[in-house]
Amino acid sequence: MRLLLVEDEPDIRRFLQTSLEEAGYQVGAAADAKTAENLATEGTFDILIVDLGLPDKDGISLILRLRQMGVSAPVLILSARRSVDDRVRGLEQGGDDYLTKPFALAELLARLRNLLKRNRPSGNESTRLRVLDLELDLLRREASRSGQVLQLTPQEFVLLEYLCRNAGRVVTRSMILDMVWGMRIQPDTNVVDVHIYRLRGKVDGKGQQPLIRTLRGVGYVLKDR
Ligand code: CA
């Protein structure tokens with residue numbers, strides 16, 4: 001899940017970025033409206049968190065601008081403005097939900113999940129991925145193999161989801177770095193190998209057919225037959 005975070009207060013921005021990444025989101029962070037518009041031009045996002053008091057533009061104007069640019073992802077407004085008028089205005093002018101500061105992280109995460117759920121087409125197909133006896137429940141962020149739930153970290157889930165979406169195809173280390181970690185990590189690190197190693201330990205249990213295959217010097221492939 002790609003999330004665009006627009007927040008000018010550095011402490012809140014850093015806290016949110018770290019917490020959201022731990023929760024499995026890929027976060028693009030912007031401290032002002034201009035940067036947010038640039039990020040929205042460069043890539044697509046599944047959900048947005050927008051602060052209203054930004055240094056260069058009001059958050060509402062930013063949301064309206066992003067809508068004009070064709071951004072249709074749900075927007076959670078996160079603001080210190082608590083009056084009923086502010087909240088109504090925010091919800092009427094492009095916000096899908098409104099949370100006031102100070103906020104509880106657990107509530108923020110729950111609201112994000114709700115927005116994402118509401119925005120998805122109904123039906124089980126879109127919320128589940130299945131490859132052989134491996135199954136991913138994308139809403140509950142839960143993976144299981146032969147009905148046995150796997151204890152994955154949020155990041156391992158994101159990695160496995162990426163492999164599943166590309167089952168039968170080779171994914172390179174740099175593709176994984178790009179998709180799962182964004183481009184903030186240098187490609188010469190072994191972060192991908194380490195995570196694949198741990199993931200394989202959980203997915204390919206004893207006596208089971210190994211699903212995650214390494215192609216030396218190339219990347220990985222999740223077997224689909
Ligand atoms: Ca602010």
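Residues numbered from 1 in each chain as written. Predicted model: local features only at pLDDT ≥ 70, side-chain atom pairs only at ≥ 80, totals over all residues. Heavy atoms only, no water.

Q: Hey, could you go over the pairing of strand S1 (residues 2-6) for me, with residue numbers and the actual values?
A: Burial analysis of S1 places four of its five residues in the buried class, which makes it a mostly covered element. Of the strand pairs in this sheet, S1 and strand S2 (residues 26-30) are connected by five bridges, and their pairing is parallel. Bridge pairing links Leu-5 to Ala-29 in S2. Where S1 lies against strand S3 (residues 47-51), four bridges are found, and the strand directions are parallel. (Buried < 20%, exposed > 50% of the residue type's maximum accessible area, 1.4 Å probe, protein only. Helix = DSSP H or I, 4+ residues; strand = E, 2+ residues; numbered from the N terminus. Pairing = 2+ DSSP bridges.)

Q: Mind laying out the nonpolar core, listing which residues take part and the relevant values?
A: By size, the foremost hydrophobic cluster in this structure holds 30 residues, and its most contacted members are Leu-134, Leu-136, Leu-160, Ile-176 and Leu-222. When residues no more than four places from it in sequence are discounted, the contact partners of Leu-136 are Thr-127, Arg-128, Leu-129, Glu-142, Ala-143, Phe-157, Leu-160, Glu-161 and Cys-164. Ranked by size, the runner-up nonpolar core spans 20 residues in total, among them Leu-4, Leu-52, Leu-54 and Ile-60. (Core = buried A, V, L, I, M, F, W, Y, C linked by side-chain atoms within 4.5 Å. Contact = heavy atoms within 4.5 Å.)

Q: Any chance you could break down the packing of helix H7 (residues 173-181) against helix H8 (residues 191-203) for me, citing the residues and the numbers?
A: For the pair H7 and H8, interaxial distance at closest approach is 10 Å and the crossing angle is 80 degrees. In this view, H7 runs roughly perpendicular relative to H8, as classed from their interaxial angle. Seen from H7, the contacting residues are Arg-173, Ile-176, Leu-177 and Trp-181; seen from H8, they are Val-191, Val-192, Asp-193, His-195 and Ile-196. Across the contact of H7 with H8, the residue classes tally to six nonpolar, one polar and two charged. (Axes fitted to C-alpha atoms, helices over the stretch in contact; angles between N-to-C directions. Parallel < 35°, antiparallel > 145°, perpendicular 65-115°, else oblique. Nonpolar A, V, L, I, M, F, W, Y, C, P; charged D, E, K, R; others polar.)

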